[in-house]
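Coordinate inspection notes
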Amino acid sequence: MVKYIALALMLLGGSVSAEEADSSRVILFFGDSLTAGYGLDREQAFPALVQARIDSLGWNFEVFNAGLGGETSAGGLRRIDWLLRRPIDVFVLELGANDGLRGIDPKDTHANLQQIVERVKAKNPKVALVIAGMQMPPNLGAEYTEAFAAIFPALAEKNDAALIPFLLEGVGDQPALNLPDGNHPNVEGHQIVAETVWATLGPVLEELRR
């Protein structure tokens, strides 16, 4: 927990001791309310659960949760430069859901996400990238939902990134795993999301340790 707070201070421009600012490699989760853990304590959100998994393995990585409720791809593009003041080693991009819910053209969402990735790579040329795929409910129409879902594999392929096919796999359509709003995972839901994320992120981290 101390290292988690120290890392947050580093990324926010604060000061930490030499002991706290150790050689741990930084994983930045950049997303919206799903990453932020809307409706839950921050430590119950999937990024914190991923950190707990890393700690249990004794691996030298520190997670920073940069999730922001309501964030769109355009908002993320405006915000990313501020977060890149500190080097990062792994970048997990989880944005786009709010674009889809607002009916934003998937081409615009794709363009914004691509620009975010390009800025991250420009500041951190050796960064490992992970893209979290999202899907929209069928009531938005087949043409839109198909175009939206295609954003994420295309983005991953273009940028040589690992792909989480669907972040909310097994959770998004299960009322018992979501808060009453039906849009955000509850505690148990986040535990499942953490496992889904780990299935893709774990091998990426293992490769970096070699």
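In this text the structure is predicted, and so the values were computed from the model without any measurement. The residue numbering used here restarts from 1 in each chain and proceeds along that chain's sequence as written. Only residues with pLDDT of at least 70 get local features here, since the model is predicted, and only at 80 or more are side-chain atom pairs given and counted; chain-wide, interface and lining totals rely on the full set of residues. With hydrogens and water set aside, each side-chain value is computed from the structure's full complement of heavy atoms.

1. Side note on the overall build of the protein chain
The condition that has to hold: We count a stretch as a helix when DSSP gives it H or I for four or more residues in a row; a strand needs E for two or more, and each element gets its number in order from the N terminus. Only heavy atoms enter the contact rule, under which two residues are in contact if any of them lie within 4.5 Å.
Each helix and strand in the protein chain was counted, giving nine helices and five strands. N-terminal to C-terminal, the α/β element order of the protein chain is α-β-α-α-β-α-β-α-α-β-α-α-β-α. In the protein chain, of all internal contacts separated by at least 6 residues, the share reaching a separation of at least 24 is 74%.

2. Notes on the environment of Gly133
With respect to the element layout, Gly133 can be found in the loop between β4 (128–132) and α7 (142–149). The spatial distance from the C-alpha of Gly133 to the C-alpha of Ile151 is 8.1 Å, given a sequence separation of 18 residues. For Gly133, the contacting residues outside a window of four places in its chain are Phe152, Leu163, Ile164, Pro165, Phe166 and Leu167.

3. Topic: the nonpolar core
For clarity, the threshold we go by: Put simply, buried Ala, Val, Leu, Ile, Met, Phe, Trp, Tyr and Cys residues joined by side-chain atoms within 4.5 Å make one nonpolar core. Relative accessibility thresholds used throughout: buried, under 20% of the residue-type maximum; exposed, over 50%; partly exposed, between the two (1.4 Å probe, protein chains only).
Judged by nonpolar contacts, the single largest core of 57 residues is most densely connected at Phe91, Leu93 and Ile116. Look past the residues within four positions of Leu93 in its chain and what remains in contact with it is Phe30, Leu113, Ile116, Val117, Val130, Ile131, Ala132 and Leu155.

4. Remarks on the confidence of the model for the protein chain
Definition in use: Within a predicted model, pLDDT stands for the predictor's per-residue confidence, ranging from 0 to 100.
Per-residue confidence for the protein chain gives a mean pLDDT of 91; residues scoring 70 or more make up 90%. For the stretch residues 1–21, pLDDT sits under 50, and the model shows 33 contacts to residues farther than four places along the chain or on other chains.

5. Here's the deal with helix α8 (residues 151–158)
Operational definition: By construction, the arc corresponds to the directions joining the helix axis to the C-beta atoms.
What α8 keeps buried is the set Ile151, Phe152, Leu155 and Ala156. Viewed end-on, α8 has its buried residues packed into an arc of 125°, placing them on one side of the element. Opposite its buried face, α8 presents the exposed residues Glu157 and Lys158, each directed more than 90 degrees away. The inward-facing, buried residues of α8 abut β3 (90–94), α6 (106–123), β4, α7 and β5 (162–164).

6. Considering unusual backbone geometry
With phi around 55°, Asp160 is a residue other than glycine that occupies positive phi space. Along the chain, Asp160 turns up in the loop between α8 and β5. Assessed through its relative accessible area of 73%, Asp160 is described here as exposed.

7. What to know about the environment of Phe46
Of note, Phe46 is situated in helix α3 (residues 46–57). For the pair Phe46 and Val197, spaced 151 residues apart in sequence, the C-alpha separation works out to 8.2 Å. Setting aside residues no more than four positions away along its own chain, Phe46 makes contact with Phe29, Leu34, Thr35, Leu167, His190, Val193, Ala194 and Val197.

8. Observations regarding the pattern of salt bridges
In a structure, side chains of opposite charge can pair up when their charged atoms sit close to one another. Condition: Every case where a carboxyl oxygen of Asp or Glu lies within 4 Å of a side-chain nitrogen of Lys or Arg is listed as a salt bridge.
Evaluation of the coordinates by the stated rule reveals four salt bridges. Where Glu71 meets Arg79, a salt bridge forms, and the shortest distance between an N and an O atom there is 2.6 Å. The two residues Glu71 and Arg79 agree in class, both being buried. Linking Arg119 and Asp81 is a salt bridge whose minimum nitrogen-to-oxygen distance equals 3.1 Å. One end of the pair, Arg119, is in helix α6; the other, Asp81, is in helix α4 (residues 73–83), with 38 residues separating them in the sequence. The exposure class of Arg119 is partly exposed, given its relative accessible area of 30%. A relative accessible area of 39% means that Asp81 is categorised as partly exposed.

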